[in-house]
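# Observations on chain architecture
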Amino acid sequence: MSVTRRDFLKTTAAATVASTLGVKLAIPTPASAQQDVDKWVRGTCRYCGVGCRIYLGVKNGKAVAVKGVPEAKTNFGFICMKAFLQYKIYHHPDRLKYPLLRKGNKFVRISWDQALDLMAEKFADAIKKHGPDSVAYYGSGQALTEETYLAQKIFRAGIGTSNVDGNPRLCMASAVGGYLTTFGADEPSGSYSDI
């Protein structure tokens, strides 16, 4: 990267002041967001939960670029590095796409039906042998409210365990500490225009 630490800090400071005052800076569009694409598909970034609006650039049926939506009230076209680079994981060779079952020292591909049947069998065995508190649910920050509600009902009311937790509580712990000390709220406190 050709940007020095000093230039990065100066640019970050300028962007922070500009966003606080509601001034749009003439920031050049990154090269990957200028790619030749077949179409731009509008969506929402699923990383941190702020809800930044994005365009996903698609070429030949594959994601090849991401850029912010300039008129979006949550992010005004700005996106973080996670959002900006997310398209690179979609077709990465290391990305898991299918259920895998460990057999000895190897992983063997199995069908989704086999994976779900095996998980249900192992859950039922554990509950039968050790009771309902022998299983747990660890949720995702990317799950919809309704999905989380259903999973919690299944585990708490159906299975009878309170061993239910969510990824956001652990992964966002440091962010919440920063939000509380900086803004007095435990989450992003609104859009840039609110600030």
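Right above here is the structure, for reference.
Source: prediction; values computed, not measured.

Looking only at helices and strands, one finds seven helices and seven strands in the protein chain. Secondary structure elements of the protein chain occur, N-terminal to C-terminal, as α-β-β-β-α-α-β-β-α-β-α-β-α-α. A total of 195 residues make up the protein chain; the buried ones form 19% of that total. Pairs at least 24 apart in sequence give 40% of the contacts found in the protein chain among residues at least 6 apart. Of the roughly 14,300 Å² of accessible surface on the protein chain, a fraction of 59% belongs to carbon and sulfur atoms.

Positive phi, normally seen in glycine, also occurs at N60, with a value near 55 degrees. Here N60 shows up in the loop between β2 (53-59) and β3 (62-68). Of note in this structure, F76 is not a glycine but carries a positive phi near 50 degrees. Mapped onto the fold, F76 is located in the loop between β3 and α2 (81-85). A relative accessible area of 23% places F76 in the partly exposed class.

Two strands pair when backbone bridges link them, and strand β4 (residues 100-103) and strand β5 (residues 106-109) are joined in this way by four bridges, in the antiparallel orientation. Bridge pairing in β5 places R102 opposite F107.

Ring pairs (aromatic) are described by centroid distance and by the angle formed between their planes. Counting across every chain of the model gives two aromatic pairs. Between F123 and F155 the ring centres are 5.9 Å apart and the planes differ by 80 degrees, which places this aromatic pair in the edge-to-face class. Of the two residues, F123 sits in helix α4 (residues 112-130) while F155 sits in helix α5 (residues 145-159), which places them 32 residues apart along the sequence. Owing to a relative accessible area of 10%, F155 belongs among the buried residues under this scheme. Cluster of aromatic residues (ring-pair linked, three or more members): F123, Y137 and F155. Its end group placed over the ring of Y98, R109 keeps NZ or CZ at 3.4 Å from the ring centre.

Each value, and the rule that gives it
- Along each chain, residue indices are assigned from 1 in the same order as the chain's sequence is written.
- Local features in this predicted model are restricted to residues of pLDDT 70 or higher, and side-chain atom pairs are both shown and tallied only at a pLDDT of 80 or more, whereas totals for entire chains, interfaces and linings draw on every residue.
- Note that the side-chain values use all heavy atoms of the structure and ignore hydrogens as well as water.
- Note on conventions: DSSP H or I runs of at least 4 residues are helices, E runs of at least 2 residues are strands, and numbering of each starts at the N terminus.
- Each residue's exposure class comes from its accessible area (1.4 Å probe, protein chains only) as a fraction of the maximum for that residue type: buried when under 20%, exposed when over 50%, partly exposed otherwise.
- Working rule for contacts: check all heavy atoms of both residues, and any pair within 4.5 Å makes them a contact.
- Method for areas: the Shrake-Rupley scheme with a 1.4 Å probe, in which residue coverage is limited to the protein chains shown.
- When DSSP finds two or more bridges between two strands, those strands count as paired.
- Any two rings among Phe, Tyr and Trp, with Trp reduced to its six-membered ring, count as a pair given centres within 6.5 Å; such a pair is stacked if its planes are under 30 degrees apart, edge-to-face if over 60, and tilted if neither.
- Working rule: Lys NZ or Arg CZ, within 6 Å of ring centre, within 35 degrees of ring normal, means a charge sits over the ring.

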